[in-house]
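Here is how the chains run, residue by residue.
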Amino acid sequence: MSLPTSLQTWSHATLTKVVINVPEAGTIELYSQAAPTEPNPDPAPAVSKVILFRWASTHFADGSSFPIKVTSTYRLQRFGPVVAPDPAPIIEGQDLVVHHEIAVTIYNKGVFIATREVFESGAYSIPANPGPNSVPEVARRIVIDSGGAIPKATEMNHVNLNPSPANQILKAELLPVFKVATLAIFSTHGELSSFRSSGSPPGTEIAAESISCGQTASELGEAVKDGRTVPLFNMAILYSCQMCYPSVARNFGVWAGEVMAPGKALVGFRSPVYPELYSAGKPAPGSLDLHAKKLLGLLAEGATIGEALLEANTKFPPRALAGGKISMVYDGDILARLWSVYEGGNAQAWYLWTPVEPAP
């Protein structure tokens, strides 16, 4: 902060203190120096200090304002004439306090899909009475039911942007929502180049509800990035076949070209996944919603995506369509979180919820 021009008639102005006030962290002193007791003919050294603050946006309501206040104190002085051998006396002095405030807007916005379709004989259809471990029923438990995506995301202060229920949302409704969402959790049909909305309305073609995602110039990429005014996705968790690939990650903003965006991750499967868990020849131990609820529960407790995936994959191993055991994997930052503060990258940062001392 520079001294206001109108006050530069003083003979000396010394920056003596800078403090910053951040919600939950309180007031922290960034810089302190005593005012001079005699004139210094040498130019004052430049004062430069950088300190980083991180906070978990999910600890605050979506749309709320996160204020950061910086206060600088200058000592203004005027010295009298020198009478040797004594130094010039201070004949006048006062403090000038300058305040600066910025406000950061919080964005916690989720989009959710729970398919109501089955895929049989090369076609998608909506069954009248889906079985208890069918794809539509497992998707409902993953996304809608207690412990699922929408309730857990709500616990973590995310608003649900879906204009229709997660198991009734169509492509035309989804595409505009992708532009303003920061979290995506899907349980739907996927493949290398596309994924499905909740399901085709009666009489539509099979392809009508597919959203392309396999290339940079895909429908997903354009919907996410064109004209975007909010931060890119923090995380996308996709309980879908063949969706965890760099091309999809780039569409969500997890990668910027060849550079990984810190604190962001795409989570999903690289091969087709079955709605029931791996059983090693024994009776099926349950369905994929057990894996999802364990993963989401751990994320809601502050686990990193790496920690949550390791435990969920170990306790509730997913099953490939061919019958073998597979793992849900990630593309992006293994330290990404949905709750609590991201702790990767610069080790000198201040963390609102896990404070550490900055380097001097």
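What counts as what
- Residues numbered from 1 in each chain as written.
- Predicted model: local features only at pLDDT ≥ 70, side-chain atom pairs only at ≥ 80, totals over all residues.
- Heavy atoms only, no water.
- Core = buried A, V, L, I, M, F, W, Y, C linked by side-chain atoms within 4.5 Å.
- Buried < 20%, exposed > 50% of the residue type's maximum accessible area, 1.4 Å probe, protein only.
- Helix = DSSP H or I, 4+ residues; strand = E, 2+ residues; numbered from the N terminus.
- Expected span 1.5 Å × (residues − 1).
- Pairing = 2+ DSSP bridges.
- Contact = heavy atoms within 4.5 Å.
- Axes fitted to C-alpha atoms, helices over the stretch in contact; angles between N-to-C directions.
- Salt bridge = Lys/Arg side-chain N within 4 Å of Asp/Glu carboxyl O.
- Parallel < 35°, antiparallel > 145°, perpendicular 65-115°, else oblique.
- Left-handed = near helix turned anticlockwise from the far one by under 90°.
- Nonpolar A, V, L, I, M, F, W, Y, C, P; charged D, E, K, R; others polar.

**A few points about the nonpolar core**
Ranked by size, the top nonpolar core spans 39 residues in total, and within it Met235, Ile237, Tyr239, Leu295 and Ile305 carry the most contacts. Broken down by element, this core gets its largest block of residues, 7 residues, from helix H6 (residues 288-300). Leu238, Met243, Ala249 and Val254 belong to the second-largest nonpolar core, a separate cluster that totals 25 residues.

**A closer look at the environment of Ala56**
Considering the arrangement of structural elements, one finds Ala56 in the loop between strand E3 (53-54) and strand E4 (65-79). Once the C-alpha coordinates of Ala56 and Leu338 are considered, the two residues, 282 residues apart in sequence, prove to be 7.9 Å apart.

**So, H6**
Between its first and last C-alpha, H6 extends 18 Å over 13 residues, near the 18 Å set by a 1.5 Å rise per residue. Here H6 lies mainly inside the structure; 10 of its 13 residues are buried. Taken residue by residue, H6 has Leu288, Asp289, His291, Ala292, Leu295, Leu296, Gly297, Leu298, Leu299 and Ala300 as its buried positions. One or two residues past the end of H6 sits Gly302, with phi positive at roughly 105°.

**Thoughts on the sheet that holds strand E6 (residues 109-114)**
One open sheet accounts for 6 strands, arranged E9-E6-E10-E13-E16-E19; its pairing is mixed. Edge positions in the sheet fall to strand E9 (159-160) and strand E19 (329-332), since each has one partner strand and no second. Relative to strand E16 (residues 265-268), strand E13 (residues 235-239) is paired through 3 bridges, and the arrangement is parallel. Along E16, the bridge assignment pairs Ala236 with Leu266. Each of E6, strand E10 (183-187) and E13 is contacted by helix H1 (residues 135-143), which is oriented at about 160° to E6, the strand it contacts most.

**Examining the pattern of salt bridges**
Pairs may arise between side chains of opposite charge once their charged atoms sit close together. Tallied over the entire structure, the rule returns 11 salt bridges. Where Glu137 meets Arg140, a salt bridge forms, and the shortest distance between an N and an O atom there is 2.6 Å. Taken together, the residues span about one helical turn, with Glu137 and Arg140 both in helix H1 at a distance of 3 residues. On the basis of relative accessibility, which here comes to 25%, the residue Arg140 falls in the partly exposed class. Residue Arg141 pairs with Asp289 through a salt bridge whose shortest N-O separation is 3.2 Å. Remark: Asp289 occurs in helix H6 and Arg141 occurs in helix H1; sequence separation between them is 148 residues. What you see here is one network of salt bridges that share partners, running through Glu137, Arg140 and Asp145.

**Looking at the side chain of Ser287**
Relative to the elements of secondary structure, Ser287 occurs in the loop between strand E17 (273-277) and H6. Overall, the relative accessible area of 5% leaves Ser287 in the buried class. For Ser287, the residues in contact, after removing those within four places along its chain, are Asn133, Val138, Arg141, Pro275, Glu276 and Leu277.

**What about the sheet that holds strand E2 (residues 26-32)?**
The strand order E2-E1-E4-E5 describes an open sheet built from 4 strands, whose pairing is antiparallel. Taken across any chain shown, the strands that pair with only one partner, and hence form the sheet edges, are E2 and strand E5 (90-105). Put simply, the sheet's adjacent strands are angled 20° from each other on average, direction ignored. Where strand E1 (residues 12-22) meets E4, 9 bridges bridge the pair, whose relative direction is antiparallel. By the bridge assignment for E4, Ile20 is matched with Val70.

**So, the pairing of E17**
The buried fraction of E17 is high, at 4 of 5 residues. Alignment of E17 against strand E18 (residues 318-320), held across 2 bridges, turns out to be antiparallel. Counted as the bridge partner of Val273 is Ala320 from E18.

**Observations concerning the packing of H1 against H6**
Across the interface, H1 lies against H6 with an axial gap of 9 Å and an inter-helix angle of 15°. Classified by the angle their axes make, H1 and H6 are roughly parallel. Once H1 is placed against H6, the crossing between them reads as right-handed. Packed against H1, whose contacting residues are Val138, Arg141 and Ile142, the element H6 presents Leu288, Asp289, Ala292, Lys293 and Leu296 at the interface. Of the residues belonging to the contact of H1 with H6, the class tally is 5 nonpolar, no polar and 3 charged.

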